[in-house]
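Fold and contact review
Below are the chains, spelled out letter by letter.
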Amino acid sequence: MATALAVQGCTATQGPKPLSGETAQEQMQSLVRDTMKTAGGEWTSASNGPAADPCSLQNGSEGVWFSWDQDADGPSDPEAVMHRVDQAWQDRGLTTTTQSVERTDGKTLHRVGSGGREVDSIEFNATTSRMSINVQSLCGTGSVPPA
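Residues numbered from 1 in each chain as written. Predicted model: local features only at pLDDT ≥ 70, side-chain atom pairs only at ≥ 80, totals over all residues. Heavy atoms only, no water.

Turning our eyes to something else, we now look at helix 2 (residues 21–39). Look at helix 2: 27 Å from first C-alpha to last across 19 residues, which is about the 27 Å you get at 1.5 Å a residue. Along helix 2, the positions that sit buried rather than exposed are Gly 21, Ala 24, Met 28, Gln 29, Leu 31, Val 32, Thr 35, Met 36 and Ala 39. Down the axis of helix 2, the buried set is contained in an arc of 160°. They therefore lie on one face. Across from the buried face of helix 2, at angles greater than 90 degrees, the exposed residues are Glu 22 and Lys 37. (Helix = DSSP H or I, 4+ residues; strand = E, 2+ residues; numbered from the N terminus. Expected span 1.5 Å × (residues − 1). Buried < 20%, exposed > 50% of the residue type's maximum accessible area, 1.4 Å probe, protein only. Arc of directions from axis to C-beta.)

Here you go:
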């Protein structure tokens, strides 16, 4: 019994196993695709697929994370879309924050943000003229693929 406790204690101090870069990218893409479906509209990627960048894992070694921004035309009721996205993220177990801010052009920007669970950060923005999703995946093991 003492041996089992000692081994268990040793394992517990190592913390959770880091995510692979591939898994981090897949989680991020799944959340983005579900968000686009929830928001509706025709979405366009701001890049040719997710972009990879180096990051630092908790143990100090180099890892990789991915960003993938999307844009769409704005909905007629951006506040309602913000609430749908907020609810969909909460249904996934994400902690969210919402914000509605009047911009200098007189339009109201409706925003939902989250991070730290399936992705490092994600932000959904909507006005009557435009919607966007800006996301950064979690840092995963691996390295940035050669260009």
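Moving on, we get to the state of the cysteines. Per the counting criterion, the structure on display carries one disulfide. Two residues share a disulfide in this structure: Cys 55 and Cys 139, whose sulfurs sit 1.9 Å from each other. Residues Cys 55 and Cys 139 are joined by a disulfide whose S-S torsion is about 90°; by sign, that bridge is right-handed. On the criterion of sequence distance, the pair formed by Cys 55 in strand 2 (residues 51–56) and Cys 139 in the loop between strand 8 (130–137) and strand 9 (140–141) is long-range, its members being 84 residues apart. Both residues of the pair, Cys 55 and Cys 139, belong to the buried class. (Disulfide = S-S within 2.5 Å.)

The packing of two helices is summarised by the inter-axis angle and the distance between the axes. Contact geometry of helix 2 with helix 3 (residues 78–91) gives a least axis separation of 9 Å together with a crossing angle of 140°. The orientation of helix 2 relative to helix 3 falls into the category oblique. For the pair helix 2 and helix 3, the crossing hand works out as right-handed. Contacts from Leu 31, Thr 35, Thr 38 and Ala 39 of helix 2 reach helix 3 at Val 81, Arg 84, Val 85, Ala 88 and Trp 89. (Axes fitted to C-alpha atoms, helices over the stretch in contact; angles between N-to-C directions. Parallel < 35°, antiparallel > 145°, perpendicular 65-115°, else oblique. Left-handed = near helix turned anticlockwise from the far one by under 90°. Contact = heavy atoms within 4.5 Å.)

In this structure, Val 32, Trp 43, Trp 89, Ile 122, Phe 124 and Met 131 are the most contacted members of the largest nonpolar core, which totals 23 residues. Counting residues per element, the ones that place at least two in this core are helix 2, strand 3 (62–67), helix 3, strand 7 (119–126) and strand 8. The element best represented in this core is helix 2, accounting for five residues. Those residues within four positions of Val 32 in sequence are excluded, and the remaining contacts are Trp 68, Gln 70, Ile 122, Ile 133 and Val 135. (Core = buried A, V, L, I, M, F, W, Y, C linked by side-chain atoms within 4.5 Å.)

This paragraph deals with the pattern of salt bridges. Following the criterion strictly, the structure yields five salt bridges and no others. The salt bridge involving Arg 130 is made with Asp 71; its shortest N-O contact spans 2.4 Å. You can see Arg 130 sitting in strand 8 and its partner Asp 71 sitting in strand 4 (residues 70–73), a full 59 residues away along the chain. For Arg 130, a relative accessible area of 43% puts it in the partly exposed group. One salt bridge in this structure joins Glu 123 and Arg 111, with 3.6 Å as the shortest N-O distance. (Salt bridge = Lys/Arg side-chain N within 4 Å of Asp/Glu carboxyl O.)

Remember that the coordinates give geometry; whether it matters functionally is a separate question.
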